Each structure stands twice: as structure tokens, then as C-alpha cells.
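Here is what each chain is made of, one letter per residue.
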Amino acid sequence: MLSLIKELCCLDGVSSAEDAVREFIRAKAEPYADWTRTDVMGNLIVFKKGERATGHKLMLTAHMDEVGFIINDITDDGYLKFAAVGGLDRRVVIGKKVRIGDKKVPGVVGLKAYHLVTAEEEKTVPKLDDMYIDIGAKDREAAEALVALGDLAAFESDAVEFGDGMLKAKAIDDRVGCAVMLRLIQQDLPMDCLFVFSAQEEVGTRGAFGAAFSFTPEIALVLEGTTAADLPGTAAHKRVAAPGKGPVLSFMDGGTAYDRELFELLRRLAQENGIPWQTKDYISGGNDASAIQRTKAGVRVAAVSAPVRYLHTPSSVASIRDFGHMYTLTRKFIEAIAASSNQ
């Protein structure tokens, strides 16, 4: 599964432009699926029959999109001005390489030269309005030949193993969830499963709401990447989670109070099968569960997440061991729901 995660992380899929990721996943899933479709939001929906016919009772979801930038102006000098797409930390943007639009035009995020920074400016984090993307164009006309307003830019980053079983890449959030679902699609399942590779999660969980509204599952399991803040100088109660200590089982985050019975089921399955697990030490963030839970009369939701350091940067870091444990726990969850459906 690691090679699959690496391939997925190297694809560009800024929110609303998940095309490359979606087509990659579709090609991998179609030989094993009963049907696939893309809805108006850009979600890729895959249905796979299992040993027990349960229809759309269980939905699993992982989002395809990643954070990035949208070009909103081109200066007379040929520089690109931009706004954030999704939650970006301004502190990590300066000097980063990006790829812009379908042409994958290379660029770098620039800022006023350091020797021109005032003492007061040095104390603050520059605003995105003060930054620009340099594509090496000599003027506006040269830049417009390569880039158009509204083009999206993604971080340029490779996927590298390092240290004690760690992976560095962009978009681990949430290509790890996509990889887990793909691996499940490629295997026999104990019950029917609806897999939603959702669009536009990073800009307000927009895709997942439409998918859940269309199919109205009884239970939804969200597979995600979540914040790890196990860093020096961080108070213990704010470290959230730590890579290498197993998948994160969520009982609550900034957008969802999760179904208690499903949370306890996941915890029991982890303990019975020797799967390390952890919960969040800090209530923050959110994911597709917040949109799914509120659909129609409501949906029971649970979440299994891989803890990821430096989320929403071109150099996110996660433990490879957690990926395998995330897959195993998800498989056990499907088996448990199938068993309960037989009763």
C-alpha cells in the first residue's frame, strides 16, 4: 500500500480540481467495482457488492483534494498574485515551489528581499497579499501566455521515506484514506460497501454532503489524516496525536461529536486485534463527518485517522506503520458491521 500512497501524494488535486487524482483512482478501482460514477460535485463514487447484500447501509469516505492557491491577479511585471484554497499556514509558504494549472507551470512563492524588511515587519508573519509567485516571466503578456486568472497552484513535493519508518510528502491528508479504500475495493468484502472519494473537503466539506444526501447511508466511516503536534515545546495536552502510536479514533473534533457506539466498537476492535490506537488530546479540526452527520434525518458517523505532522504543507510527515494499522482496523470494522447486519 505504501507505493500506492506515494503515487497518490505526488498527484495534484487542489480543491475543485481533483481530476488527476480522481482518474487515477477510477483506473485502479473499476476492474474490481460493480459500478463507478462521478457526481456534479466531482466526487468519485464506487459501489462494490459484498457477501451480504446491504445496499448503501455502509459508506466509507476519504477526500481527494488538497490545499493550494488560486491565481487572482497578474502584475505588469509578470508576477502572480494569489489567494489560499483551504487552510494554509502563511509561515510555511514563502520560498516553496509550486505547479500551476493544467500546464503545470513551475513557480516559486516569493516575498520582498530580507534586507529590505523593516524591524517592525520582521516581528510579524507576512500576509499572502504581500507574497507573489514568480514564474520567470518578463512581463504580464509573457505570464498570461502560460497562466490564466483562476488557475490553481499546488505545492511541488516528492514522496520520501526517511528515519524510523516515516514518510514525507504533500497531501498525505488525505491520500492515505484514498489508498486504504482502494485496497479494500480490490478485495472481497463481507458486505456491500459504498466508497466515496470526496471533492472539496478542504474548503468546507462540500462534496461529502452531496454524496451522503444522494445515497443516505445508515453508517459512515471517514478515513482521514489528522493533526499530530508531538513536537518539542508543545504542551502535552496540545500535542493532539503522535505518528507511530496507531490510528486516531475520534470521539469529538471541531465539527462533529461522533457516534458513541461506533467509537466504542472501533476501540474494542483495536484492542481485540492488537492494533495500537489513540484519541485526540485536543479538540480541534474537522472533516467530512460534519457534513455527512447532518444529512437528511442524520447519519451515524465514525472516523479513523492517520496522525500527520505539518499538515497542509509540502512536507507532511507520517508513520508508515500507522497506514497498515489504519487499513486493518477499517477491515475489521466492515466485518463487524456485516456481522451485526446478519443478526
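Okay, so let's go over this structure.

### Some remarks on the overall build of the protein
In terms of helices and strands, the protein carries eight helices and 16 strands. Sorting the 343 residues of the protein into buried and exposed places 51% on the buried side. For the protein, the share of sequence-separated contacts (at least 6 apart) that also reach a separation of at least 24 residues comes to 75%.

### Some remarks on unusual backbone geometry
In this model, Asp 173 is joined to Asp 174 through a cis peptide bond whose omega is 10°. Relative to the helices and strands, Asp 174 resides in helix H4 (residues 172–185). Of note, Thr 205 is a non-glycine position whose phi angle comes to about 45°, a positive value. Phi angles above zero are rare outside glycine, and Tyr 310 is one such case at about 55°. Mapping Tyr 310 onto the fold places it in the loop between strand E15 (300–309) and strand E16 (316–319).

### Considering empty space enclosed by the protein
Tallied over the entire structure, the rule returns one cavity of 30 Å³ or more. What the largest cavity holds in volume is close to 80 Å³. Among the residues making up the lining of the largest cavity, the classes are represented as four nonpolar, three polar and four charged.

### Re the pattern of salt bridges
It is possible for side chains of opposite charge to pair when their charged atoms get near one another. A complete count under the given rule lists 24 salt bridges for this structure. The salt bridge partner of Arg 321 is Asp 164, with a shortest N-O separation of 3.7 Å. Here Arg 321, found in helix H8 (residues 320–341), pairs with Asp 164, found in the loop between strand E10 (160–162) and strand E11 (166–169); they are 157 residues apart in sequence, far enough to count as distant. Using a relative accessible area of 41% as the deciding quantity, one classes Arg 321 as partly exposed.

### A closer look at the packing of aromatic side chains
Counted by the stated rule, this structure contains seven aromatic pairs. Taking the centre distance of 6.0 Å and the plane angle of 35° together, the rings of Phe 209 and Phe 213 count as tilted. Note that Phe 209 and Phe 213 are positioned in helix H5 (residues 206–215) at a spacing of four residues, about one turn of the helix. Since its relative accessible area comes to 38%, Phe 209 is described here as partly exposed. With a relative accessible area of 41%, Phe 213 lands in the partly exposed category. Connected via pairs of aromatic rings, a cluster forms that spans Trp 35, Phe 47 and Phe 215. One residue, Arg 183, lies across the ring of Tyr 327, its end atom 4.1 Å from the ring centre. Note that Lys 296 overlies the ring of Phe 213, its terminal NZ or CZ placed 4.7 Å from the centroid.

### Quick word on the layout of surface pockets
When its volume is computed, the largest pocket comes out at roughly 380 Å³. Listed by contribution, the elements that provide at least two residues to the lining of the largest pocket are strand E13 (219–228) and E15. In terms of residue class, the lining of the largest pocket is made up of eight nonpolar, five polar and three charged. Estimates place the volume of the second largest pocket at around 300 Å³. Those elements that provide at least two residues to the lining of the second largest pocket are helix H2 (19–29) and strand E9 (152–155). In terms of residues, the lining of the second largest pocket owes the most to one element, E9, which gives three residues. Looking at the lining of the second largest pocket, its residues break down into six nonpolar, two polar and six charged.

### Thoughts on the environment of Ala 171
Secondary-structure assignment places Ala 171 in the loop between E11 and H4. Judged by relative accessible area, which is 8%, Ala 171 ranks as buried. Ala 171 sits 16 residues away from Phe 155 along the chain, and the two C-alpha atoms are 9.2 Å apart. The contacts of Ala 171, once residues within four sequence positions are left out, are Cys 9 and Glu 66.

### Quick notes on the packing of helix H1 (residues 2–9) against H4
The geometry of a pair of packed helices is captured by two quantities: the angle between their axes and the separation between those axes. At their nearest, the axes of H1 and H4 sit 9 Å apart, and the two run at 135° to each other. Comparing their axes, H4 and H1 come out oblique. Considering the relative orientation of H1 and H4, their crossing is right-handed. Two secondary-structure elements touch here, H1 through Leu 4, Ile 5, Leu 8 and Cys 9 and H4 through Ile 172, Arg 175, Val 176, Cys 178, Ala 179 and Leu 182. By residue class, the composition of the contact of H1 with H4 is nine nonpolar, no polar and one charged.

### A few points about the side chain of Thr 330
Considering the arrangement of structural elements, one finds Thr 330 in helix H8. Judged by its relative accessible area of 0%, Thr 330 is buried.

### Regarding the pairing of strand E2 (residues 44–48)
When you tally the buried positions in E2, you get five out of five residues, the bulk of the element. Where strand E1 (residues 35–38) lies against E2, four bridges are found, and the strand directions are antiparallel. Its bridge partner being in E2, Thr 38 is matched across the sheet by Leu 44. Here E2 runs beside strand E12 (residues 193–198); their pairing, made up of five bridges, is antiparallel. Looking at the pairing, Ile 45 lines up with Val 196 of E12.

About the cut-offs
- Along each chain, the written sequence defines residue order, and numbers are assigned to residues from 1.
- The model is predicted, so local features are restricted to residues of pLDDT at least 70 and side-chain atom pairs to those at 80 or more, both for listing and for counting; the totals for chains, interfaces and linings are taken over all residues.
- With hydrogens and water stripped out, all remaining heavy atoms of the structure feed into the side-chain values.
- A run of H or I in DSSP becomes a helix once it reaches four residues, and a run of E becomes a strand once it reaches two; helices and strands are each numbered from the N terminus.
- Exposed residues in this analysis have more than 50% of their type's maximum accessible area, buried residues have under 20%, and partly exposed residues fall in between, with area computed by a 1.4 Å probe over protein chains only.
- For this analysis, residues touch if any pair of their heavy atoms sits within 4.5 Å.
- A 1.4 Å probe that fits but cannot get out identifies a cavity on a 1 Å grid over protein atoms alone, an open set with protein on both sides within 12 Å along at least five of seven lines counts as a pocket, and a residue lines either if it has an atom within 4 Å of a point.
- Grid points are joined across faces, edges and corners, and a volume is the space filled by probe spheres set on the points.
- By the convention adopted, Pro, Cys, Tyr, Trp, Phe, Met, Ile, Leu, Val and Ala count as nonpolar, Lys, Arg, Asp and Glu as charged, and the other residues, Gly among them, as polar.
- For salt bridges, the criterion is a side-chain nitrogen of Lys or Arg within 4 Å of an Asp or Glu carboxyl oxygen.
- Side-chain rings of Phe, Tyr and Trp, where Trp is taken by its six-membered ring, are said to pair if the distance between their centres is within 6.5 Å; with planes under 30 degrees apart they count as stacked, over 60 as edge-to-face, and otherwise as tilted.
- A ring has a charge above it when a Lys NZ or an Arg CZ is no more than 6 Å from the ring centre and no more than 35 degrees off the ring normal.
- Axes here mean lines fitted to C-alpha atoms, for a helix over just the part in contact, with angles spanning 0 to 180 degrees between N-to-C directions.
- Orientation labels follow simple angle bins: below 35 degrees gives roughly parallel, above 145 gives roughly antiparallel, 65 to 115 gives roughly perpendicular, and whatever is left gives oblique.
- Left-handed describes a crossing in which the near helix is turned anticlockwise from the far one by less than a right angle; the clockwise case is right-handed.
- For two strands to count as paired, DSSP must find a minimum of two bridges between them.

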